[in-house]
Amino acid sequence: GAGVSQTPSNKVTEKGKYVELRCDPISGHTALYWYRQSLGQGPEFLIYFQGTGAADDSGLPNDRFFAVRPEGSVSTLKIQRTERGDSAVYLCASSPTVSTDTQYFGPGTRLTVL
Amino acid sequence: RKEVEQDPGPFNVPEGATVAFNCTYSNSASQSFFWYRQDCRKEPKLLMSVYSSGNEDGRFTAQLNRASQYISLLIRDSKLSDSATYLCVVCSNQAGTALIFGKGTTLSVSS
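Residues numbered from 1 in each chain as written. Chains lettered and ligands numbered in written order. Predicted model: local features only at pLDDT ≥ 70, side-chain atom pairs only at ≥ 80, totals over all residues. Heavy atoms only, no water.

### A few points about the interface of chain A and chain B
Next up, step 1: Counting residues at the interface gives 20 residues for chain A, matched by 18 residues for chain B.
Next up, step 2: With both sides pooled, the region where chain A packs onto chain B buries about 1500 Å², and carbon together with sulfur makes up 51% of that total.
Next up, step 3: For the interface between chain A and chain B, the tally reads 0 salt bridges.
Next up, step 4: Summed over the shared surface of chain A and chain B, the result is 3 residue pairs in polar contact (both at pLDDT 80 or more).
Next up, step 5: Every element with two or more residues in the side of chain A that touches chain B is listed here: β4 (31–37) and β5 (44–50) of chain A.
Next up, step 6: Split into classes, the residues belonging to the side of chain A that touches chain B amount to 9 nonpolar, 7 polar and 4 charged. (Contact = heavy atoms within 4.5 Å. Buried area = accessible area lost by both parts, 1.4 Å probe. Salt bridge = Lys/Arg side-chain N within 4 Å of Asp/Glu carboxyl O. Polar contact = N/O pair within 3.5 Å; in protein donor to acceptor, adjacent residues only side chain to side chain. Helix = DSSP H or I, 4+ residues; strand = E, 2+ residues; numbered from the N terminus. Nonpolar A, V, L, I, M, F, W, Y, C, P; charged D, E, K, R; others polar.)

Next up, the structure:
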């Protein structure tokens with residue numbers, strides 16, 4: 001079946017602009033996670049959703065970052081007033097339930113802020 | 001101190017070699033442990049879960065020592081296709097079910 005998909009695969013923007021990154025989880029998966037991976041680092045947790053609600057957003061670095069999942073399926077990560085330090089690969093993962101440990105990752109969106 | 005620490009390598013080994021990666025974690029309340037594999041410019045993929053009793057999947061053996069907060073991965077009879085970055089991952093109760101990743105250990109297997 002279809003895995004986690006993310007769009008766009010690459011996004012280049014200018015400092016100060018607003019960007020939206022989209023994640024389509026595996027159908028039926030109730031838990032959805034966003035991670036950020038900088039060059040040479042492992043992925044770092046940003047936020048996770050159980051259904052429509054953000055159950056834990058402790059990893060969001062500051063209030064420029066926000067994520068939604070209005071219908072409990074597709075999620076959008078929104079970054080306002082982008083900075084060069086936001087450049088990274090943004091990974092989305094989903095799992096059948098919150099209590100299921102295995103998370104399936106999408107291919108990521110490579111964000112470059114010039 | 002980072003929550004999950006790994007030697008970044010790179011480990012350069014010939015085909016057929018046995019190679020071992022180690023990882024330590026700082027949160028003693030961690031409940032679940034994994035090794036993920038990540039190919040260049042690709043997403044991480046689950047390689048195997050790690051249990052205290054140790055577990056084996058073909059050429060791969062993972063071990064967990066809770067007392068020492070230490071996780072290991074052993075790869076026997078290395079193949080060219082094993083070349084990748086291996087990420088040590090801990091599920092930290094402090095962050096719900098978020099996965100906490102190490103920086104990864106890079107393995108390069110050559111012929």
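Moving on, there is more to tell.
### Remarks on the sheet that holds strand β8 (residues 75–79) of chain A
Residues and elements named next belong to chain A.
Next up, step 1: Strand order in the open sheet formed by 4 strands is β1-β3-β8-β7, with antiparallel pairing between adjacent strands. Where the open sheet ends on each side, the last strands, each with one partner, are β1 (5–7) and β7 (65–68). Here the average twist between neighbouring strands, direction ignored, is 15°.
Next up, step 2: Relative to strand β3 (residues 19–24), β1 runs antiparallel, the two sharing 3 bridges. In the sheet register, T7 faces β3, and the bridge partner there is R22. (Pairing = 2+ DSSP bridges. Axes fitted to C-alpha atoms, helices over the stretch in contact; angles between N-to-C directions.)

### Some points on the sheet that holds strand β6 (residues 55–57) of chain B
Residues and elements named next belong to chain B.
Next up, step 1: A sheet is described by the order of its strands in space; here 5 strands give the open sequence β1-β3-β8-β7-β6, paired in antiparallel fashion. Either end of the sheet is taken by a strand with one partner, and the two such strands are β1 (4–6) and β6. For this sheet the average axis-to-axis angle between neighbouring strands, irrespective of direction, equals 20°.
Next up, step 2: Bridge analysis of β1 against strand β3 (residues 19–25) gives 3 bridges, and the strand direction is antiparallel. Among the inter-strand pairings, E5 is bridged to a residue of β3, identified as T24.

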